[in-house]
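# Per-entry structural report
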Amino acid sequence: MKKAILLLLIMASAMALTITSHDIDITMRADGSGYVVEDFQVRLGEGERAEFELALEAGTPGDIGLVPTIVKEHSDINIIPQTTESDIAVVTFQYNVPEIVDTTETKGKQALVGLTEKAFSFYDGHTMQLPYDPQTTLSVMVPQDILLAGDPLPPTGAPTKELGVDGKQYLKYTWSYRKPFNTAEFRVIYEKEVSIQSQLSPSVILNEFREKYGNPIYIAVAVILLIVVLWYRKEVYIVVQEAFAGEPVIEDDEA
């Protein structure tokens, strides 16, 4: 096994694979998971066909520079290589992502969740850019019974209706290399009801504080005040009760 890996690494450094096109098709599910299909079309250099086929047999396309676009944890990856009579080959990735969505905002019992820029390797922490080289096409399929909270961002054309592998109807939104984008935010968002347990989770509480106050210092102060109030809640309750009792507190003037 070690010899095979070493062989693949040597071949990867020697091979000059050129990705000519990259198609990414993401199917979002109502439970927050996703199914991804990626097609890489590559051009092999002179004399590299046999080496490419050997690499695919002995290892994975990752050994020759092909890796999934989705950076979130994924499982059950299926790799399907196809070679042609010419110098063109196609490698298809099929894999499931247990939690492909992110929460962008939480208000009360409702949360805005969906596919964001954080799911993609195209996102560098500041911007997400759809590559033109290689020519990249990105498609997102949303179940027809899920109502988006707004138009996808960046804007795209009207969705098409397609039948998914599960037999359900989907709305398919597509971004193409013909009109590549460079954006700080990528959004395909819908509303989701949040359970009471989720609302009381530390992450949700901190996010709400952050949205209201912004500065982490204010968050720390608010947390400290909350702890103080909880610690002295009985004393605070007595003071508040006396303040709103409607009767003045009579003090004893006798010595």
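Our subject is the structure that appears above.
Residues numbered from 1 in each chain as written. Predicted model: local features only at pLDDT ≥ 70, side-chain atom pairs only at ≥ 80, totals over all residues. Heavy atoms only, no water.

What follows concerns the pattern of salt bridges. On inspection of all chains with the given rule, the structure shows five salt bridges. Across the salt bridge formed by E117 and R187, the nearest N and O atoms sit 2.6 Å from each other. In this pair, E117 is assigned in the loop between β6 (110-116) and β7 (128-129) and R187 in strand β12 (residues 187-193), connecting sequence segments 70 residues apart. For E117, a relative accessible area of 4% puts it in the buried group. For R187, a relative accessible area of 18% gives the class buried. Overlapping salt bridges bring together D25, E162 and K172 as one network. (Salt bridge = Lys/Arg side-chain N within 4 Å of Asp/Glu carboxyl O. Helix = DSSP H or I, 4+ residues; strand = E, 2+ residues; numbered from the N terminus. Buried < 20%, exposed > 50% of the residue type's maximum accessible area, 1.4 Å probe, protein only.)

Turning our eyes to something else, we now look at the sheet that holds strand β4 (residues 88-97). The sheet built from seven strands is open, its strands ordered β3-β4-β2-β1-β8-β10-β9 with mixed pairing. Edge positions in the open sheet fall to β3 (75-83) and β9 (160-163), since each of these has one partner strand only. Going across the sheet, the axis of each strand differs from the next one's by a mean of 20 degrees, ignoring polarity. In this structure, β9 lies alongside strand β10 (residues 169-175), joined through four bridges in antiparallel fashion. (Pairing = 2+ DSSP bridges. Axes fitted to C-alpha atoms, helices over the stretch in contact; angles between N-to-C directions.)

What follows covers the pairing of β4. Looking down a regular strand, the side chains alternate between one sheet face and the other. Counting buried positions along β4 yields seven of 10 residues, so the element is predominantly enclosed. Pairing of strand β2 (residues 34-43) with β4 involves 10 bridges; the strand directions are antiparallel. Note that in β4 the partner of G34 across the bridge is V97. As defined by bridge partners, β3 adjoins β4 across seven bridges and the pair is classed as antiparallel. By the bridge assignment, Q82 is partnered in β4 with V90.

Before going further, it helps to examine the nonpolar core. Buried together is how nonpolar side chains tend to be arranged in soluble globular proteins. Counting 38 residues, the largest nonpolar core has I26, L115, F120, L138, W175, F186 and V188 as the members making the most contacts within it. Of all the secondary-structure elements, those providing two or more residues to this core are β1 (18-28), β2, β4, β6, β8 (135-143), β10 and β12. (Core = buried A, V, L, I, M, F, W, Y, C linked by side-chain atoms within 4.5 Å.)

The sheet built from three strands is open, its strands ordered β5-β6-β12 with antiparallel pairing. At either margin of the open sheet sits one strand with a lone partner, and together these are β5 (102-107) and β12. In this sheet, neighbouring strand axes are inclined to one another by 25 degrees on average, regardless of whether the strands run parallel or antiparallel. Of the strand pairs in this sheet, β6 and β12 are connected by seven bridges, and their pairing is antiparallel. Across the sheet, the residue bridging to T116 is R187, located in β12.

What follows covers the environment of K109. Within the secondary structure layout, K109 lies in the loop between β5 and β6. Counting along the chain gives 84 residues from K109 to E193, while the straight-line C-alpha distance between them is 5.6 Å.

The subject of this paragraph is the side chain of T69. By secondary structure assignment, the location of T69 is in the loop between α2 (49-58) and β3. For T69, a relative accessible area of 2% puts it in the buried group. Among the polar contacts listed, one links the side chain of T69 to the side chain of H22, at a separation of 3.5 Å. Once you skip the residues sitting within four places of it in the chain, T69 turns out to touch H22, I24, E38, Y95, A119, F120, S121 and F122. (Polar contact = N/O pair within 3.5 Å; in protein donor to acceptor, adjacent residues only side chain to side chain. Contact = heavy atoms within 4.5 Å.)

Counting through the fold element by element, K118 comes out in the loop between β6 and β7. Owing to a relative accessible area of 52%, K118 belongs among the exposed residues under this scheme. Along the primary structure K118 and I100 are separated by 18 residues, whereas in three dimensions their C-alpha atoms are 9.4 Å apart. Once you skip the residues sitting within four places of it in the chain, K118 turns out to touch V71, D102 and Y123.

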